[in-house]
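Chain by chain, the residues:
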Amino acid sequence: MSRLRSRSFRPVAALVIASTLIIGPIATSVDANSVSTNEKSKSEKTKNETSKDAANKKQRRSSARLPAEGTHLGMMFIPRLKMRSVIVEGITDAMFDIGMGHWPGTAMPGERGNAVYGGHRTAGPAPLYYVERIKVGDPIIILKGLKKVEYRVISKRIVKPTALWITHQSSGSMLTLFSCHPRGSTKQRYVIQAILKK
């Protein structure tokens, strides 16, 4: 009886041992792949969250640096027009009724990028009433406290009101002026562009 049990037990034991040897490594391999995939997805998720956090922080820092609408930013002088105007933050009609308005988010005077300013031709103080008289090579001067920044005009053109490319930033330091055109109409925009005098 003991011989029968030991003989019938041997094939079963062999089968169990063989299956452990065969199945064991496969299970381990699947588990390793599963862990590896989970680690990759966690790593990618962490990277995405990190980049989103960095973008949000950058946006918060940019927003924190933006002056509030109506903030006094300095004075603008255009000798050709005998024009002298206060500069405020914002491009609403209410800001243009004060003087020249700085387009929020564009460069500040003397900084790298494109500093964009708008002004009325007929309403309020109308600092750009004679904007078409500006010539290439003319100076445009901005005073902010004791700091003086001077630009030289390089181009003048008439564009559609939808031409938002005039606000695009540049790798150098430039200034863009815009106003309605023709005088008394909003059909077009008169645009002056200038570069920082070195």
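No experiment lies behind these values; they were computed from the predicted model shown. (Residues numbered from 1 in each chain as written. Predicted model: local features only at pLDDT ≥ 70, side-chain atom pairs only at ≥ 80, totals over all residues. Heavy atoms only, no water.)

Check the secondary structure of the protein chain and you find 2 helices and 8 strands. Each of the 198 residues in the protein chain was classed as buried or not, and the buried ones make up 33%. Taking all contacts inside the protein chain whose residues are at least 6 apart in sequence as the whole, residues at least 24 apart take part in 54%. For the protein chain, the exposed area adds up to about 12800 Å²; of that, 58% sits on carbon and sulfur atoms. (Helix = DSSP H or I, 4+ residues; strand = E, 2+ residues; numbered from the N terminus. Buried < 20%, exposed > 50% of the residue type's maximum accessible area, 1.4 Å probe, protein only. Contact = heavy atoms within 4.5 Å. Areas by Shrake-Rupley, 256 points an atom, 1.4 Å probe, with all protein chains shown as cover.)

This part takes up the sheet that holds strand 1 (residues 72-78). Here we have 8 strands rolled up into a closed barrel, ordered 1-2-3-4-7-8-6-5, and mixed in their pairing. Each strand axis lies, on average, 30° off the axis of its neighbour in the sheet, ignoring direction. Both strand 4 (residues 113-118) and strand 7 (residues 173-181) contribute to a ladder of 6 bridges, which runs parallel. Paired with tyrosine 117 across the strands is leucine 177, a residue of strand 7. (Pairing = 2+ DSSP bridges. Axes fitted to C-alpha atoms, helices over the stretch in contact; angles between N-to-C directions.)

This part covers the packing of aromatic side chains. For any pair of aromatic rings, the description rests on two quantities: the centre-to-centre distance and the angle between the ring planes. If you walk through the whole model with that rule in mind, you get 3 aromatic pairs. Plain terms: the ring middles of phenylalanine 96 and phenylalanine 178 are 6.3 Å apart, the flat faces sit at 75° to each other, and that makes the pair edge-to-face. Of this pair, phenylalanine 96 sits in helix 2 (residues 93-96) while phenylalanine 178 sits in strand 7, and the two are 82 residues apart along the sequence. Residue phenylalanine 96 shares its accessibility class with phenylalanine 178, and that shared class is buried. Judged by centre distance (4.7 Å) and plane angle (80°), the ring pair of tyrosine 129 and tyrosine 130 falls under edge-to-face. (Phe/Tyr/Trp six-rings, centres within 6.5 Å; stacked < 30°, edge-to-face > 60°.)

Tracing the backbone shows histidine 102 in strand 3 (residues 100-102). You can call histidine 102 buried: its relative accessible area is 0%. Among all residues touching histidine 102, those that are not within four sequence positions of it are Leu73, Ile87, Val88, Glu89, Gly90, Ile91, Ala107, Met108, Val116 and Tyr117.

These figures capture arrangement, not role.
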